[in-house]
Amino acid sequence: IDSTLIEIDNSLSTYQKRSLISKFNQADSVLEVDKLFTDVFNISKKVFKVSDGAFDPTVAPIVNAWGFGFENFHDTDSATIDSLNSFVDFTQIIMNKNNVIKAKQGIMLDFNAVAQGYSVDVLAELLEARGINNYLVEVGGELKAKGVNLNDTLWRIGIDKPLEGLKERELEAIINLENKALATSGNYRKFCEKDGLKYSHTINPKTGYPVSHNLLSATVVTDNCGEADAFATVFMVVGLQEAKKI
């Protein structure tokens, strides 16, 4: 498991300067990538299409500008956001066999809204390949369950109450998870403050600005944790009504 997580980091972590995604972000146009990168790219492309662009990993420069990414916080005036918006367009990156190609220099990828969930899927496959059929895999809050726990009952998952500043952890709901993956995204813990205003860490790729609606948390249950992770982010971008439609 440790070596698998290191392999995933070496491919998909924007915080690793020598990872494949970091090399792609620094590259002029073309980079040869591995299966991990290709899988996450394909999940992202699917969710990008289904969500009509609400999920877009090329939002990386703007996420950085708001101080939620892998680079330092910059000034986020409207001129800066407008100039960075020209680099946000997932259709400007294509995959050809094991080569990933960007249309112009300056386009960057940030898979942090899908890679954690995908890591859960990879670890679950690893366990199943070794004949383990009762497990709960959890990476950073995203998880996948199969079979039963030590008490011979379904795995029970607590969903945090989406409120900041709670003295003790409180649960909004408890879910029995039967051979499914689960991911939660929320704006109640991660935000920045500027000029007395709070800005959520969920950036709308179409505007370049943090979302401003009353949806605090979204939990997705599905077969694939990479997709659950990505769609939880989508729902935080589009808000309650559009999330229901999707």
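Above this note sits the structure.
Predicted model, so just to flag it, every value in this text is computed and none were measured. (Residues numbered from 1 in each chain as written. Predicted model: local features only at pLDDT ≥ 70, side-chain atom pairs only at ≥ 80, totals over all residues. Heavy atoms only, no water.)

Asks: Just to check I follow, could you spell out the side chain of Thr 4 for this structure?
Replies: Examined against the element boundaries, Thr 4 turns out to sit in helix 1 (residues 2–12). The class of Thr 4 is buried, set by a relative accessible area of 13%. If we ignore the near neighbours within four places in the chain, the residues touching Thr 4 are Val 122, Leu 123 and Leu 126. (Helix = DSSP H or I, 4+ residues; strand = E, 2+ residues; numbered from the N terminus. Buried < 20%, exposed > 50% of the residue type's maximum accessible area, 1.4 Å probe, protein only. Contact = heavy atoms within 4.5 Å.)

Asks: For this particular structure, what's the right way to read helix 1?
Replies: Because each turn of an α-helix spans 3.6 residues, side chains separated by three or four positions in sequence point in the same direction. Within helix 1, burial applies to Thr 4, Ile 8, Ser 11 and Leu 12. The buried residues of helix 1 occupy one face: seen down the axis, they fall within an arc of 75°. Along helix 1, exposed side chains directed more than 90 degrees from the buried face belong to Asp 2, Ser 3 and Ile 6. Taken together, the buried residues of helix 1 touch helix 2 (20–26), helix 3 (35–50) and helix 6 (115–129). (Arc of directions from axis to C-beta.)

Asks: Help me understand the packing of helix 3 against helix 7 (residues 225–238) in this model?
Replies: Helices that pack against each other are described as a pair by the angle of their axes relative to one another and the distance between those axes. The contact between helix 3 and helix 7 brings their axes to 10 Å, and the two run at 35°. As for how helix 3 packs across helix 7, the hand of that crossing is right-handed. Where helix 3 abuts helix 7, its residues Ile 43, Lys 46, Val 47 and Val 50 lie against Gly 226, Glu 227, Ala 230, Phe 231 and Val 234. Counted by class, the contact of helix 3 with helix 7 contains six nonpolar, one polar and two charged residues. (Axes fitted to C-alpha atoms, helices over the stretch in contact; angles between N-to-C directions. Left-handed = near helix turned anticlockwise from the far one by under 90°. Nonpolar A, V, L, I, M, F, W, Y, C, P; charged D, E, K, R; others polar.)

Asks: Looking at this structure, I do not really get the packing of aromatic side chains. What am I missing?
Replies: Aromatic ring pairs are reported here in terms of the distance separating the ring centres and the angle at which the planes meet. Scanning the entire structure with this criterion turns up five aromatic pairs. Three or more aromatic residues joined by ring pairs form one cluster here, namely Phe 24, Phe 37 and Phe 111. Just above the ring of Phe 90 sits the side chain of Lys 45; from NZ or CZ to the centre is 4.3 Å. For Lys 104, the ring lying beneath its charged end belongs to Phe 87, and the centroid distance is 5.1 Å. (Phe/Tyr/Trp six-rings, centres within 6.5 Å; stacked < 30°, edge-to-face > 60°. Lys NZ or Arg CZ within 6 Å of the ring centre and 35° of its normal.)

Asks: It is not clear to me how the sheet that holds strand 5 (residues 142–146) should be interpreted in this structure. Could you clarify?
Replies: Note: strands within a sheet are paired through backbone hydrogen bonds, in either parallel or antiparallel orientation. A sheet is described by the order of its strands in space; here four strands give the open sequence 4-5-8-11, paired in antiparallel fashion. In this open sheet, the two edge strands, each paired with only one partner strand, are strand 4 (135–139) and strand 11 (217–222). When the angles between neighbouring strand axes are averaged without regard to direction, this sheet yields 15°. Judged from the three bridges that link them, strand 5 and strand 8 (residues 180–186) form a sheet pairing that is antiparallel. Bridge assignment links Ala 145 to a residue of strand 8, and that residue is Lys 180. (Pairing = 2+ DSSP bridges.)

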